[in-house]
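Listed here are the chains, written in short residue letters.
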Amino acid sequence: MEEDTDYGNRFSSLCYINDHVGFLGTIKSSPSDFVVIEIDEQGQLVNKTTDEHLYKINNILPEPNNFAKKTKLDLQNLSFEGGHNQELGTLSRCSNGDHNHQSTSESEATIDDGTSKCEEETADVLGSVLDKKTNELLNQFAYNIKEKWNSETELVGPSPELSLGRILDKNQRASLHSAIRQKFPYLITVGKKSEIVVKPNFEYKELCHLVSEEEAFDFFKYLDAKKENSKFTFKPDANKDHRKAVHHFVNKKFGNLVETKSFSELNYSADNPNVVITVKFREKAYKHRKRSHLECQERKVIYTAFTLRKENLEMFEAVGFLAIQLGVIPSDFSYAGLKDKKAITYQAMVVRKVTPERLKNIEKEIEKKRMNVFNIRSVDESLRLGQLKGNHFDIIIRNLKKQINDSSDLKERILEAIENVKTKGFVNYYGPQRFGKGRKVHTDQIGLALLKTEMHFKQKLNGPCHGLNYVPQKVKAIKLFLTPEDLDDPVNRAKKHFLQTEDAKGARSLLPEFKVRERAVLGSLHRFGMTEEGCIQAWFSFPHSMRIFYVHAYSSKIWNEAVSYRLATYGSRVVEGDLVCLDGDVDDEHFPNGNVHLVTKEEESANTYAMHQVVLPILGYNIQYPKNKVGQWYQEMLSRDGLHTCRFKVPALKLNVPGCYRQILKCPHNLSYQLIEDHEIDVKTEDSCISEATLSLFISFDLDSSCYATVCLREIMKHDV
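Residues numbered from 1 in each chain as written. Predicted model: local features only at pLDDT ≥ 70, side-chain atom pairs only at ≥ 80, totals over all residues. Heavy atoms only, no water.

(A) Region of interest: the environment of Tyr661. For Tyr661, the position within the fold is in strand S21 (residues 660-663). Remark: the alpha-carbon pair of Tyr661 and Gln624, spanning 37 residues in sequence, is separated by 9.4 Å. A polar atom in the side chain of Tyr661 sits 2.9 Å from the backbone nitrogen of Gln624. (Helix = DSSP H or I, 4+ residues; strand = E, 2+ residues; numbered from the N terminus. Polar contact = N/O pair within 3.5 Å; in protein donor to acceptor, adjacent residues only side chain to side chain.)

(B) Representation of the sheet that holds strand S16 (residues 579-581) within the structure. With antiparallel pairing, the four strands of this open sheet are ordered in space as S17-S16-S18-S21. Where the open sheet ends on each side, the last strands, each with one partner, are strand S17 (596-598) and S21. Between one strand axis and the next, the sheet turns by 50 degrees as a mean value, whatever way the strands run. Pairing analysis gives four bridges linking strand S18 (residues 614-618) to S21, with the strands arranged antiparallel. The residue bridging Ile618 from the neighbouring strand is Cys660, located in S21. Strands in contact with helix H21 (residues 544-570) are S18 and S21; relative to S18, the strand with the most contacts, it is inclined by about 145 degrees. (Pairing = 2+ DSSP bridges. Axes fitted to C-alpha atoms, helices over the stretch in contact; angles between N-to-C directions. Contact = heavy atoms within 4.5 Å.)

(C) Region of the structure containing the pattern of salt bridges. Evaluated as defined, the whole model comprises 32 salt bridges. Ionic pairing is found between Arg309 and Glu311, a salt bridge with its closest N-O pair at 3.8 Å. Residue Arg309 is classed as buried on the basis of its relative accessible area, which comes to 19%. A salt bridge links Glu513 to Arg519, with the nearest nitrogen and oxygen atoms 3.9 Å apart. Look at Arg519 and you get buried, because its relative accessible area is 14%. (Salt bridge = Lys/Arg side-chain N within 4 Å of Asp/Glu carboxyl O. Buried < 20%, exposed > 50% of the residue type's maximum accessible area, 1.4 Å probe, protein only.)

(D) Highlighting the packing of aromatic side chains. Going through the model one piece at a time under the given rule, you end up with 27 aromatic pairs. On the numbers, 6.0 Å between centres and 65 degrees between planes, the contact of Phe184 with Tyr186 is edge-to-face. Residues Trp633 and Tyr634 carry aromatic rings whose centres are separated by 5.6 Å and whose planes lie at 80 degrees to one another, so their mutual orientation is edge-to-face. Aromatic ring contacts, followed pair by pair, group Phe184, Tyr186, Tyr204, Phe219, Phe220, Tyr222, Phe232, Phe234, Phe249, Phe254 and Phe281 into a single cluster. The cationic tip of Lys369 hangs over the ring face of Phe321; the distance from NZ or CZ to the ring centre is 5.5 Å. One residue, Arg714, lies across the ring of Tyr16, its end atom 4.1 Å from the ring centre. (Phe/Tyr/Trp six-rings, centres within 6.5 Å; stacked < 30°, edge-to-face > 60°. Lys NZ or Arg CZ within 6 Å of the ring centre and 35° of its normal.)

(E) Up close: the sheet that holds strand S6 (residues 195-200). With antiparallel pairing, the three strands of this open sheet are ordered in space as S4-S6-S5. Single-partner strands in this sheet number two, and they are strand S4 (162-166) and strand S5 (187-192). Geometrically, the sheet is characterised by an average inter-axis angle of 20 degrees between neighbouring strands, direction not taken into account. Alignment of S5 against S6, held across six bridges, turns out to be antiparallel. Note on S6: the bridge partner recorded for Gly191 is Ile196.

(F) Quick peek at the pairing of strand S14 (residues 390-402). With respect to burial, S14 is a largely interior element, ten of its 13 residues being buried. As paired strands, strand S1 (residues 23-26) and S14 are joined by three bridges and run antiparallel to one another. Counterpart to Phe23 in the pairing with S14 is Lys402. Note that S14 and strand S24 (residues 695-704) share eight bridges and pair antiparallel. Its bridge partner lying in S24, Asp394 is registered against Ser700.

(G) Representation of unusual backbone geometry within the structure. Its identity as a non-glycine residue notwithstanding, Asn375 has a phi of 50 degrees, on the positive side. Summarising the element assignment, Asn375 is placed in strand S13 (residues 371-379). On the basis of relative accessible area, Asn375 is assigned to the buried category, the value being 2%. Backbone geometry at Lys718 places phi at a positive 55 degrees, although glycine is not the residue there. Position of Lys718 relative to the elements: it lies in the segment after helix H24 (709-717).

(H) Focus on the packing of H21 against helix H23 (residues 629-640). The contact between H21 and H23 brings their axes to 10 Å, and the two run at 140 degrees. Classed by the angle they form, the pair H21 and H23 counts as oblique. The two elements H21 and H23 cross, and the hand of that crossing is right-handed. Residues Tyr554, Lys557, Ile558, Trp559, Glu561, Ala562, Tyr565, Arg566, Thr569 and Tyr570 of H21 pack against Lys629, Val630, Trp633, Tyr634, Met637, Leu638 and Arg640 of H23. Looking at the contact of H21 with H23 residue by residue, the class counts come to eleven nonpolar, one polar and five charged. (Parallel < 35°, antiparallel > 145°, perpendicular 65-115°, else oblique. Left-handed = near helix turned anticlockwise from the far one by under 90°. Nonpolar A, V, L, I, M, F, W, Y, C, P; charged D, E, K, R; others polar.)

Remember that the coordinates give geometry; whether it matters functionally is a separate question.
Quick look at the structure:
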């Protein structure tokens, strides 16, 4: 792979705040040398297993007299394999919960009980609202329609219909509509003022050409029931073209109501390549429905919290794999912050629509990907980015050496460096991992392209901007995201294939299953095309937190450059026009404008404020800039990047960036260290070689949220790590 010269340039230009000499060493020789543990808002390490956090599976019992909850738990133990009666087989594919295909007699009893209840309620409605003769006419009409379809006789002439007469009571009409569609999904009901007319459901017949009648029957019952957060799953299907036809039918006919996803079965293999199509209602389908307080409680979304331990695994790859195993999508996961790849990390997470016992069931499967989950429990809501106090780090620095031409004692240099940073702190730069260190395309470049989509939109309103070489910024951002590295592996071969051919379908088929982000983008491009609108849809395949991540990366790059300019121009003294935080040391970037003060000339002369109070703005529409050379520098950089009139709002992608402030200096907390000679620690490097170095440093400290351990180590060592 080509050397990342841009990375080298941007990070070699970063400043130091301390004047010690430093030393050389190697970090991340193996993931176990770099352990990151999240600190929650209560100041507790999330890797601690406590009795109150442990989720006891054996204590989970379905509530009595609550059929919906019993069904949700029991449906997880149903099998989709053959050997069941027809009624059980169809009902097992429509549930409010997750699927774990294991059959039990208890679940069969529960479902049979639920089915009979539903049928009794339907029969009661039809019997109470319709007289006996009309009821018989309805049954005969339904029978005739099915007979004609089963005999493959075409219905000639006008579509047959049956009037059930006028039903004056509005609630009775609503109940009757639903009861008929539940009993006869192959019929539709139409209201003509107070009259109800029954007709054949030709969409039902059309679906029967693609799937079994049993599946079509249950699918239309599912559609009519409109149970929030429920899912319907078609039978496993190994034929990709056939699955595509089913996807197309459902999205074409009911795309405004439901969405479809394909998932591999948990026992997926080359010998068993079955994939299932899952259908779920879109959130907007429930927006206008009125519910009682009791209904709202019953339909409350399930949230399950847990601690995730991962080793040498990228965050988004880990989430993608968990999503596949649990049958949900990546945006159903929430977390407080991103963690390093080449490390052992512990962090709090919350997943929607998955029960604690379902998460417990995949523990063995995810261990194969170097992941573990524990502290599993039910909670009431998702996590938010930044919802943590900070992170604890346990780090081993190996191969310790003096700087070139340094004749001093190495141990003295190490002691001096650590004590300096412990006292004076470090420049609070965003770390290289924020920008995709070592990659051809950095995350900030994608963020800049996304911000420029707003600029080009405004140019279009003011006049044409299409030159011969014009490339829409939305398209450019997608191409940047899919730029391959100089590596010959399935992921980069897929990206290269796409950029050369724009064959999104072919490129997606080359990608491994766990590359969720790339597969989602290519799936959207295949569906909507490589157009501006298609690229917008592709970005919407990402959750909002991921779309905004790229914009924040660009803002972070500008902030890093601004700090270097500020320190080079004014040094480590507070000057007129600086911005300071009046609350002193803050743990959170998102403090209000009211807490930010502009330093006056008199305050500069009186040394009213300390350097650790100085903040710089992170780009957005709701910030103020310093009133000195640094403020001018910000405007010059925005002009350089073509954002001089940017409002930091991209309506097409639903991105709003208000901006915030970040302290220039930070200090590590609870810092301790130990020098280890010879081989007192177990050396596990990737190539299994034991280092010849006789001195290593074990260092442990806490950092506030959004601070980078690699940046702190850079200040200590005076060396880019």
